[in-house]
Amino acid sequence: MIDGPYKLPAGWRWVRVGEVASHLRSGFASRKQGAVNGDLLHLRPYNIAADGTLNLSQQFLVPSSSAPNGEVFLRPGDVLFNNTNSVELVGKTALVSGELRAAFSNHITLIRVDNEVCEGAWIALALRSLWEQGFFAQRCNKWIGQAGVSTNMLVEIPIPLPPLKQRRSIVAKVEELTKRVREAKRLRSTAQQEVNSLIEAVLAEVFSSKESQIDWPSVGDLCEIRGGIQKSPRRAPKNNPRPYLRVANVQQGYLALQNIAYFEVSDSELERYRLWPDDVLIIEGNDSPDLIGRTAIFRGEIDNCVHQNYVIRLRPNNSDILSEFLSAYLTSPRGRQIIRELSHTSSGLLNLSVGKIRNIPVPPLSLCEQSRITSHLNFVQTQAAALKRAQEDTAAELRRLEQAILDRAFRGEL
């Protein structure tokens, strides 16, 4: 018996993960080119959902011959632990509910139980509870751009272990409550999609012209364009720490500024890379179709702020084009279609460079017409923003409810 961080109910005891898991191992890396003619599902960290389930909506296939020792089956009760990712995602855990012909990446650790001491469902629930509490974010090894939990660290993690009957009862209760939370999240997500569809429909209507783009000016004609600063060890903040915006900060149509990182940036570099109010920021994408072309406007919220290389800065010439108009056009279905077409490369990957952005055609409208269009869009987006805020409040309540359910479960209070 070992000591744990808090007192357990009578009959419970603390155990290490390595005491109750009979088999732990990481998966294997696979190059993206291996997906050609692939026939084996290769699970990746994004397949591990925050609610403890496997999300197979995104599937990556590799040749079955690439799996070491021919191990291509996952069993019901297997636990998949995200061992390497960004700090906030390390420790995500999912339970395999049915037999699955699949392998998994080296960013995932398989935890398998082949004994009667504990069930995979309990281990998955315990690790998910720790992740919700920020346990792994505080203790993982951190490197530039990612963090990790080693197998040696994982096996030493203490988890509470109640008697078998009580354990199974708690798992069942948590699952029932979690189902209700999932349904509430689904309804919230549906409402969010309806709001997004409204905005999309308005943008499609505004930018619906089918006229030729041959004589249209390009983004390069209307804006100064600059790539950002590449992250590297020498950029660790020391004498001249400057706030910088990352991909995570640039959301669709707004900046998320709750978590700001810092670069070491000299005074001369600051003059070249400093963001000004009304700069339009666009995401290069880094081969992610969901990220490429995501656009937001910097309003001067942070002084002496720069941007990372995956975030490209467009500085409009105010005598030719309005920032709001340019951002709305790039966000519209028509603008995103042009961005997708420009992003494709001969290798099949996606890449949106400064040069490609420079060639995006823009409707040649007067400043007066641009102002009329953006006023109309702002009215619609103000209404939509109010709906989104209400939905975000609901989402926060659901997250707190999930955390409370897990916290009570592992203190024997459920």
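Here, every reference points to the structure presented above.
So, a few notes on the structure that sits alongside this text. None of the values given here were measured: they were computed from a predicted structure. (Residues numbered from 1 in each chain as written. Predicted model: local features only at pLDDT ≥ 70, side-chain atom pairs only at ≥ 80, totals over all residues. Heavy atoms only, no water.)

### Describing the sheet that holds strand β9 (residues 100-104)
In any sheet, the strands associate via hydrogen bonds between backbone groups, in a parallel or an antiparallel arrangement.
For step 1, the next point in the chain: As summarised here, the arrangement of the 4 strands in space is β4-β3-β9-β5, forming an open sheet in which the pairing is mixed. Of all the strands in the sheet, just β4 (61-62) and β5 (73-74) have a single pairing partner and so form its edges.
For step 2, the next point in the chain: In this structure, β5 lies alongside β9, joined through 2 bridges in antiparallel fashion. Considered in β9, the bridge of Phe-73 is made with Arg-101. (Pairing = 2+ DSSP bridges. Helix = DSSP H or I, 4+ residues; strand = E, 2+ residues; numbered from the N terminus.)

### Structural notes on the environment of Pro-76
For step 1, the next point in the chain: As for its placement among the helices and strands, Pro-76 is situated in the loop between β5 and β6 (79-82).
For step 2, the next point in the chain: When the C-alpha positions of Pro-76 and Val-96 are compared, they lie 5.2 Å apart, and in sequence the two are 20 residues distant.
For step 3, the next point in the chain: Among residues more than four places away in sequence, those in contact with Pro-76 are Val-96, Ser-97, Gly-98 and Glu-99. (Contact = heavy atoms within 4.5 Å.)

### Comments concerning the packing of aromatic side chains
Any aromatic ring pair is given by two values, namely how distant the centres are and how the planes are angled relative to each other.
For step 1, the next point in the chain: This structure, assessed with the given rule, holds 5 aromatic pairs.
For step 2, the next point in the chain: Aromatic pair Tyr-6 and Trp-14: ring centres 5.1 Å apart, planes at 75°, arrangement edge-to-face.
For step 3, the next point in the chain: Note on Tyr-244 and Phe-263: the rings are 3.7 Å apart at their centroids and 10° apart in plane angle, and the pair reads as stacked. Of this pair, Tyr-244 sits in strand β15 (residues 241-245) while Phe-263 sits in strand β18 (residues 261-264); the two residues are 19 residues apart in sequence, bridging distant segments of the chain. (Phe/Tyr/Trp six-rings, centres within 6.5 Å; stacked < 30°, edge-to-face > 60°.)

### Digging into the pattern of salt bridges
For step 1, the next point in the chain: In total, this model carries 14 salt bridges according to the counting rule given.
For step 2, the next point in the chain: The closest approach of N and O atoms between Arg-372 and Glu-369, which form a salt bridge, is 2.7 Å. With Arg-372 and Glu-369 both in helix α11 (residues 367-409), this residue pair falls 3 residues apart, about one helical turn.
For step 3, the next point in the chain: Taking the relative accessible area as the measure of exposure, Glu-369 reaches 28% and is therefore partly exposed.
For step 4, the next point in the chain: Counted as one network, the salt bridges with shared partners bring together Arg-16, Glu-19 and Glu-156. (Salt bridge = Lys/Arg side-chain N within 4 Å of Asp/Glu carboxyl O. Buried < 20%, exposed > 50% of the residue type's maximum accessible area, 1.4 Å probe, protein only.)

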